[in-house]
Amino acid sequence: MLLKLICTPEMDSGLEMVNVIAKSNSLTKSLLSSVAGISVTACMLAMLTGCVSLDLFGGEKVDRSLSTASVPNNQNTQTQSDDATIRNAVTSADLAKISDSPLPWANAATGSAGVVTAIREDRTSGFVCRDFDTTRHSFEGVASYSGQACLSETGEWLMTRFNQK
């Protein structure tokens, strides 16, 4: 706030009268609040740059040689383990009892689960084979598969086909 004193002599009484005029400078107030706002914003951005990596100029500064995932990347092992679980569910199913009912399966080792929606037995190739359709719910997402398991000459069931649709 700016104070301005104006002193004027009074002609009639011979006394001096002092007039005080108070003026506020709105330009100064708005300038100070703008500077304060910009300062606070700049400080916040400076603090956040430690949390976020901003690559404004396109430089390759990120080291991608290290991986810090909490879930190990054992895709082949998980898929093979799930294949065996699905194969066991399909080959141990009593087709007379389940007919067209869905057959759920789950693999505790990988956390995957799914539902076999159709099992068809085929003996045209000289072997007993079971064609099937299933879903697989895993950390990678949900996917549909079709496959075939056949009984070998040694009496062991083998997965002969397992393809993602």
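Two elements, strand β3 (residues 103-107) and strand β4 (residues 112-122), share 5 bridges in a ladder whose sense is antiparallel. Its bridge partner lying in β4, Pro104 is registered against Val115. If you look at the hairpin formed by β3 and β4, you'll find 4 residues sitting between the two strands, and Gly111 has a positive phi there, around 85 degrees. Across 7 bridges, the pairing between β4 and strand β5 (residues 129-138) is antiparallel. Bridged to Arg120 within β5 is Asp131. Counting the residues in the hairpin turn of β4 and β5 gives 6 residues, including Gly126, whose phi is positive at 95 degrees.

Once that is clear, we can look at the nonpolar core. Of all hydrophobic cores here, the largest spans 13 residues; its most connected members are Ile86, Val90, Leu103, Val116, Ile119 and Phe132. Of all the elements, helix α2 (residues 75-92) adds the most residues to this core, at 3 residues.

The next thing to look at is a nonpolar patch on the surface. Side chains of Val40, Met44 and Met47 sit close together on the surface and give an oily, nonpolar patch of about 320 Å² of accessible area. Under the relative-accessibility criterion, Val40 is labelled exposed at 52%.

Here we come to the state of the cysteines. Applying the stated criterion across every chain yields a total of 1 disulfide. Across a sulfur-sulfur distance of 2.0 Å, Cys129 and Cys150 are joined as a disulfide pair. Torsion about the S-S bond of the Cys129 and Cys150 cystine: about 110 degrees, corresponding to right-handed handedness. Of the two residues, Cys129 is situated in strand β5 and Cys150 in strand β6 (residues 141-151); the sequence distance between them amounts to 21 residues.

On to the confidence of the model for the protein, then. Looking at the protein, pLDDT values average 76 and 61% of them are 70 or higher. Confidence, expressed as mean pLDDT per element, reaches its minimum in the protein at strand β1 (residues 2-9) with 48 and its maximum at β3 with 94. Scored below 50 in pLDDT, residues 1-5 shows 11 contacts in the model against residues more than four places distant or in partner chains.

Tracing the sequence through the fold places Thr135 in strand β5. Within the structure, the side chain of Thr135 is placed 3.4 Å from the side chain of His137, a separation counted as a polar contact. Non-local contacts of Thr135, meaning those with residues more than four positions away in its chain, are made with Trp105, Ala113, Gly114, Val115, Ala143 and Ser144.

What follows deals with the sheet that holds β6. If you walk across this open sheet you meet the 5 strands as β3-β4-β5-β6-β7, and the pairing is antiparallel. The open sheet has two edge strands, β3 and β7 (157-164), and neither has a second partner. Within this sheet the neighbouring strands show an average axis-to-axis angle of 30 degrees, counted without direction. With 7 bridges connecting them, β6 and β7 associate as antiparallel partners. For Ser146, the partnering residue across the bridge sits in β7 and is Asn163.

Position of Asp82 among the secondary structure elements: in helix α2. On a C-alpha basis, the gap between Asp82 and Ala106 in space is 8.3 Å, while along the polypeptide they are 24 residues apart. Once residues lying within four places of it in the same chain are set aside, the contact partners of Asp82 are Trp105, Asn107, Thr110, Ser112 and Arg136. Within polar-contact distance, the side chain of Asp82 engages the side chain of Arg136 at 2.7 Å.

Turning our attention to the packing of aromatic side chains. Summed over all chains, the structure comprises 2 aromatic pairs. When the ring of Tyr145 is compared with that of Phe162, the centres are 4.7 Å apart and the planes differ by 5 degrees; the resulting orientation is stacked. Separated by 17 residues along the polypeptide, Tyr145 in strand β6 and Phe162 in strand β7 bring together distant segments of the chain. Residue classification places Tyr145 among the buried positions, given a relative accessible area of 10%. Taken together, the ring pairs in this structure connect Phe132, Tyr145 and Phe162 into an aromatic cluster.

How each quantity is defined
- Sequence positions are assigned chain by chain, starting from 1 and proceeding in written order.
- Thresholds applied to this predicted model are a pLDDT of at least 70 for local features of residues and 80 or more for the giving and counting of side-chain atom pairs; totals over whole chains, interfaces and linings are not thresholded and use all residues.
- Based on all heavy atoms of the structure, the side-chain values leave hydrogens and waters out of the count.
- Think of it this way: DSSP has to see at least two bridges between two strands before they count as a pair.
- Numbering of helices and strands runs from the N terminus, with a helix taken as a DSSP run of H or I at least four residues long and a strand as a DSSP run of E at least two residues long.
- For our purposes a nonpolar core is just a set of buried Ala, Val, Leu, Ile, Met, Phe, Trp, Tyr and Cys residues, chained together by side-chain atoms within 4.5 Å.
- Exposure classes here rest on a 1.4 Å probe applied to the protein chains alone. A residue is buried below 20% of its type maximum, exposed above 50%, and partly exposed in between.
- Patches were defined on residues exceeding 30% relative accessible area and lacking a salt bridge, with like-charge contacts within 9 Å and nonpolar side-chain contacts (Val, Leu, Ile, Met, Phe, Trp, Tyr) within 5 Å.
- Working definition of accessibility: Shrake-Rupley area with a 1.4 Å probe, residue cover restricted to the visible protein chains.
- When a carboxyl oxygen of Asp or Glu lies within 4 Å of a side-chain nitrogen of Lys or Arg, that pair is called a salt bridge.
- Pairs of cysteine sulfur atoms within 2.5 Å are what we label disulfides.
- pLDDT gives the predictor's per-residue confidence on a scale running from 0 to 100.
- Any two residues having at least one pair of non-hydrogen atoms within 4.5 Å are treated as being in contact.
- Polar contact is the term for a pair of N or O atoms within 3.5 Å; when the atoms are in protein, one must be able to donate a hydrogen and the other to accept it, and sequence-neighboring residues count only if both atoms are side-chain atoms.
- Note on method: axes are straight lines fitted to C-alpha atoms, helices fitted across the in-contact stretch only, with angles between N-to-C directions ranging 0 to 180 degrees.
- Planes of paired rings set the category: under 30 degrees apart is stacked, over 60 is edge-to-face and the rest tilted, where pairs are Phe, Tyr or Trp rings (Trp by its six-membered ring) whose centres lie within 6.5 Å.

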